[in-house]
Structure formats: structure tokens, C-alpha cells
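Coordinates in review
These are the residues of each chain, in order.
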Amino acid sequence: MDAWQKQLAAAITEPGEISARFGVDVEPLREVVARYPLRITPHYLSLIEAPGDPIWRQCIPDPQELSDHRQAPDPLNEEGLSPVPGLIHRYPDRVVLLVSNACAVYCRFCMRKRQVGCGSRNTNRAAALDYIAKTPAIRDVILSGGDPLLLSDDELADILSRLRTIPHVEMIRIGSRVPVTLPSRITSRLCRLLKRFHPLYLNTHFNHPRELTPHAAAACGRLADAGIPLGNQTVLLKGVNDDPAVMKRLMQGLLAIRVRPYYIHQLDLVRGTGHFRTGVRRGLEIMEGLRGYTSGLATPYYVIDLPGGKGKVPLLPDNGEWRGNRLLLRNYHGECIEYEDLG
Ligand SMILES: *Cc1c(COP(=O)(O)O)cnc(C)c1O
Ligand code: SF4
């Protein structure tokens, strides 16, 4: 067994282990875990400093997960947009291929909470690859899940090789949270493997500055050294990162470990995640706290993924208005400056 497999085998999966460690009443959690599974790697668990802190909130089950009846299990209509099970085709030129149903840590706010970590899922990899091969418009394939990097090296190599035999697939992206939750998975062997399939991009998923550990930094460094451009998708979460100062530290910390912030996502309206919801105004305030105050590279897009699978829309603080052919623009200090549009 590799070190990462041992780490995964040592993950906690029972509420009793939480009570043994933190002395909290876990009875209410048993019911939650029966519906939405629990898994926390020793690495991620060690980042918890106190019950209720930003790491705790992301990984420890909460009874509120079961009382969230207003939201739908699949508000983005991923299932309706799947021409074959396990392949989401929403945009003209790119698809999401669900290759794994497991993750190193089950995030309580997961947008695929309806299925991730649950034993059965209706996917058909051969049919999905066949669909990609027969659809020349697809030039970008995003491997997602679950976490694609929980697959074995051999299985991953097999999927990537198959994709690379399709001439119109120009690029491959991997979405993975293991640099955060299981950094030992990023072995030199894995990096050598991934390197064979360039152009290959990896988007990871850090949500809080405390996740930027030396182990995570080293994992990202190994991926970057393999020539893989690294991006990050953060989810805006109440009680975790809904604060301009925290988000600024996170974005700057990501750049310091060679990861470029790509998206801040407004939380999708997914059943079981309502207790993480923040208002859109808060998200805009966070964006205002970044733009101008720190490196442009530290400023991602803030996006809402529209219900029904209608697509991602970036939101910007309202910072300009037209006066004839002049634009009145508000800078980061709040000064309004006129710009004459001579084009
Ligand atoms: C987010 C997403 C993509 C990729 O969108 P980009 O803006 O290109 O990163 C593709 N398909 C689906 C279904 C998505 O949710
Ligand atoms: S790693 Fe991603 S897919 Fe897995 S539980 Fe967390 S958010 Fe969901």
C-alpha cells in the first residue's frame, strides 16, 4: 500500500470516532451519516482546532443537512443534461465526465451530495467515451466525480489514454480536492503519469487559508513542476470563508503555492446544504475587498451557476454607468472617475 492508501484506510467514517476525539454528542449525526456518508482523512482531521471552526464545518455532519426540504437534490439539472449516464453536456464545446464516486473527505456542502459517496450510481464509462468520440464539437473534457484522483494510477491512465485517442479532444481538465484533503495522493509517480497527457489542467478546491498546509503546498508544487497549470475553485460558505479578510488571505496564499484562483462559486441551491448559504451581496463585498487591493491574479470570477443548468454567470460589483459617450467608473477607493470612450 502507498502512503496515501494507508491514509485513506485510516480515515474516520463513523460518528463515534468524532465523539471519541472531540467529546461531542454524536447521536444526532448517525441519522445524517446514514443518508450522506462521512469520511475524513487524518490529514484533514488534524486541521480542526475546535468544534465549529471552518474546517469542522466543512467535514463534520450537521443535523441541518436533513431538515433542508426547500432545495432540490439536483437543481442544476445535471441528470437531465446527461446524454449518457455520468456525462454532463451543458455547453457546446465541453463536457463533465464523472469518473469516480468517492472522495477522500465528504464535504458537507457538496453540490453532488445526492450521489457522491453513495454506493450505486448509474454511469457507463464506455458509453460516455463513445459519446465524446462521436461528438466532434467536444474539445474540452473535465474529469470530475467524486474525486478522479481517488482512482488508481492504472485506471486513471486508462481513461486518459482513451481520451487522447480522440483527435478533437484538445484539452483535459481534472477537478480534484485531494491536494487539500489527501496531499500524499500527489505522488511523483502520479505526476509522471499525468504529464504524458498534456495539455492537462487541474483545478483544485481550497476554501480556507488553514487548508494551505506545507503538505498541500508540496503537493501543488509537484503538480506544477510536472507542467500542470493549477487553478482553484472556492465555494462561498457561511462560517467558513464569507469574510473579505479570510478570502483575501486564501487567494494570496493560493498564489504563493503556485495555484491561480479561478472561480468563487455562489453555493448551488442543493438540498442538504442550506445552512452554508450566504447572500449574493456578501459575495460582491468579498469581490470588492479583492479588486484593486491585491494582485489581479488573486482575483477570480465570482459566479452563480444558474438553476436548471442554464450556465455560469460572473457577477461584478456595480462600478460604472454611461453618460452619453462617457463612462463614469468607480475605482477600488470609491472615487468616481470619468472615462471618455473614443473608440
Ligand atoms: C462548470 C461547468 C463546466 C466548465 O465551465 P468553465 O466555465 O469552462 O470552467 C462545464 N460543464 C458543466 C456542466 C459545468 O458545470
Ligand atoms: S471533494 Fe468535491 S465532489 Fe467530493 S465531496 Fe467534496 S465537493 Fe463533493
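Bear in mind that the values here come from a model prediction, so they are computed numbers and not experimental data.

As for the pairing of strand β9 (residues 311-315)
In terms of strand pairing, strand β8 (residues 301-306) meets β9 through five bridges, oriented antiparallel. The partner of aspartate 305 across the bridge, within β9, is lysine 312. The antiparallel pairing of β8 with β9 creates a hairpin that spans four residues between the two strands, and glycine 308 there sits at a positive phi of about 80°.

Quick notes on the layout of surface pockets
Considered as a void within the structure, the largest pocket measures approximately 1,200 Å³ in volume. Lining the largest pocket are 49 residues, with Met111, Arg112, Ser144, Gln233 and His265 sitting closest to its centre. Elements supplying a minimum of two residues to the lining of the largest pocket: β2 (94-98), β3 (140-144), β4 (171-175), β5 (200-204), β6 (230-235), β7 (260-265), β8 and β9. Across the lining of the largest pocket, the residue classes tally to 25 nonpolar, 12 polar and 12 charged. Its volume calculated, the second largest pocket comes out at about 410 Å³. If you go around the second largest pocket, you meet 21 residues; those closest to its centre are Met287, Arg291, Thr299, Leu316 and Pro317. In terms of residue count, the dominant contributor to the lining of the second largest pocket is β7 (three residues). For the lining of the second largest pocket, a count of residues per class yields 11 nonpolar, six polar and four charged.

Some thoughts on the environment of leucine 200
Topologically, leucine 200 is positioned in strand β5. Judged by its relative accessible area of 0%, leucine 200 is buried. Among residues more than four places away in sequence, those in contact with leucine 200 are Leu160, Ile172, Ile174, Leu194, Ile228 and Pro229.

A short note on the sheet that holds strand β10 (residues 320-323)
Judged by pairing direction, the sheet is antiparallel, and its three strands sit side by side in the order β10-β11-β12 without closing on themselves. Of all strands in the sheet, those with a lone pairing partner are β10 and β12 (336-340), marking the two edges. On average, adjacent strands in this sheet sit at an angle of 25° to one another, irrespective of strand direction. As paired strands, strand β11 (residues 326-330) and β12 are joined by five bridges and run antiparallel to one another. Residue pairing across strands places leucine 328 opposite glutamate 338, the latter belonging to β12.

The rules behind these values
Residues numbered from 1 in each chain as written. Chains lettered and ligands numbered in written order. Predicted model: local features only at pLDDT ≥ 70, side-chain atom pairs only at ≥ 80, totals over all residues. Heavy atoms only, no water. Pairing = 2+ DSSP bridges. Helix = DSSP H or I, 4+ residues; strand = E, 2+ residues; numbered from the N terminus. 1 Å grid on protein atoms, 1.4 Å probe; cavity = no way out; pocket = protein on both sides within 12 Å on 5 of 7 lines; lining within 4 Å. Points joined across faces, edges and corners; volume = space filled by probe spheres on them. Nonpolar A, V, L, I, M, F, W, Y, C, P; charged D, E, K, R; others polar. Buried < 20%, exposed > 50% of the residue type's maximum accessible area, 1.4 Å probe, protein only. Contact = heavy atoms within 4.5 Å. Axes fitted to C-alpha atoms, helices over the stretch in contact; angles between N-to-C directions.

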